[in-house]
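Reading the structure
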Amino acid sequence: MAAPFTLRKIGVPPNSANLTEARRRVFDFFRAACRSIPTVMDIYNLQDVVAPSQLRFAISAQIRNNAHVTDPKVIDLLLFKGMEELTDIVDHAKQRHHIIGQYVVGEGLVQNTGSKDQGKSDFLKNFYTSNYF
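Residues numbered from 1 in each chain as written. Predicted model: local features only at pLDDT ≥ 70, side-chain atom pairs only at ≥ 80, totals over all residues. Heavy atoms only, no water.

**Observations regarding helix α1 (residues 19–35)**
Just so we agree on the cut-off: The numbering of helices and of strands both runs from the N terminus, where a helix is a DSSP run of H or I of at least 4 residues and a strand a run of E of at least 2. The span expected for a helix works out to 1.5 Å for each residue beyond the first. We call a residue buried when its accessible area falls under 20% of the maximum for its residue type, exposed when it is over 50%, and partly exposed in between, using a 1.4 Å probe and counting protein chains only. Should any heavy atoms of two residues lie within 4.5 Å, those residues are counted as being in contact. Pairs of N or O atoms are called polar contacts if they sit within 3.5 Å, as long as, within protein, a hydrogen donor faces a hydrogen acceptor (for residues adjacent in sequence, only side-chain-to-side-chain pairs).
Taking 1.5 Å per residue as the helical rise, α1 with its 17 residues ought to reach 24 Å, and the 24 Å between its terminal C-alpha atoms agrees with that figure. Taken together, the buried positions of α1 are A22, R25, F29, A32, A33 and C34. Packed against the buried residues of α1 are α2 (37–44), α3 (52–64) and α4 (72–90). With a side-chain oxygen lying 3.4 Å from the backbone nitrogen of T20, the N-terminal cap of α1 falls on N18.

**Points about the confidence of the model for the protein chain**
Our working rule: The pLDDT value tells you how sure the predictor is about a given residue, anywhere from 0 up to 100.
Averaged over all residues, the pLDDT of the protein chain is 82; the fraction at 70 or higher stands at 77%. Segment residues 107–113 is flagged for pLDDT under 50; beyond a separation of four residues in sequence, or across chains, it makes 2 contacts in the model.

**Side note on unusual backbone geometry**
Most peptide bonds adopt trans geometry, and most residues besides glycine take a negative phi value. At N45, a position not held by glycine, the phi torsion is positive, near 50 degrees. Here N45 is to be found in the loop between α2 and α3.

**Focus: the layout of surface pockets**
Here the idea is plain: a probe the size of a water molecule rolls over the atoms and shows the empty space left. Here is the rule: Detection works on a 1 Å grid of protein atoms alone, calling trapped sets that fit a 1.4 Å probe cavities and calling open sets with protein on both sides within 12 Å along at least five of seven lines pockets, with lining residues defined by an atom within 4 Å of a point. Grid points are joined across faces, edges and corners, and a volume is the space filled by probe spheres set on the points. Polarity classes work like this: nonpolar for Ala, Val, Leu, Ile, Met, Phe, Trp, Tyr, Cys and Pro, charged for Asp, Glu, Lys and Arg, and polar for all others, with Gly in that last group.
The volume enclosed by the largest pocket comes to roughly 960 Å³. What lines the largest pocket is a set of 32 residues, and nearest its centre among them are V26, F29, I59, Q62 and I63. Of all elements in the fold, only α1, α2, α3, α4 and α5 (96–104) reach the threshold of two or more residues within the lining of the largest pocket. For the lining of the largest pocket, the element with the most residues is α4, which contributes 8 residues. Each residue belonging to the lining of the largest pocket can be placed in one class, and the counts come to 21 nonpolar, 7 polar and 4 charged.

**Things to note about a nonpolar patch on the surface**
Short version of the rule: Exposure above 30% relative accessible area and the absence of a salt bridge qualify a residue for a patch, where like charges join within 9 Å and nonpolar side chains (Val, Leu, Ile, Met, Phe, Trp, Tyr) within 5 Å. In these tables, accessible area is a Shrake-Rupley quantity obtained with a 1.4 Å probe, and a residue counts as shielded only by the protein chains included in the view. Salt bridge, as applied in this entry: a Lys or Arg side-chain nitrogen positioned within 4 Å of an Asp or Glu carboxyl oxygen.
On the surface, F123, L124 and F127 cluster together into a nonpolar patch covering about 290 Å² of accessible area. Structurally, the position occupied by F127 is in helix α6 (residues 122–130). Using a relative accessible area of 34% as the deciding quantity, one classes F127 as partly exposed.

**Some details on the nonpolar core**
The condition is simple: Nonpolar cores are built from buried Ala, Val, Leu, Ile, Met, Phe, Trp, Tyr and Cys residues. Side-chain atoms within 4.5 Å join them into one set.
Counting residues in each nonpolar core, the largest one holds 22 residues, and the members touching the most others are L46 and L55. For this core, the secondary-structure elements that each account for two or more residues are α1, α2, α3, α4 and α5. By residue number, the principal contributor to this core is α4, which donates 6 residues. In contact with L55, other than residues within four places in its own chain, are I37, M41, L46, V50, Y103 and V104.

Next up, the structure:
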């Protein structure tokens, strides 16, 4: 049986010289994140909740959210934040419900304040309009 993939402890890398190098680093990060998915599935016991392909899609969606960024320094900052997040997840610094809420359910747990039921009574209608949520 092969040893599970372990994330290497990487210090802060030097800034990317150009957009091509930053793009290569994004692909390297994506590969490292995808290689850590089996470890994350075992650590957080996610087999009954999500498939590895769904986690891979969630990672790629997070990367695609920042596809419009073209400044190499900003890309390096986002990669550093992503690597820190991945390290926290692999080091079990988060709990299972954090992973499920952030990467499995995604935006479904965030309450939409605009679609609240305005209530059946005048009291609740006034309460919802007067208080900011």
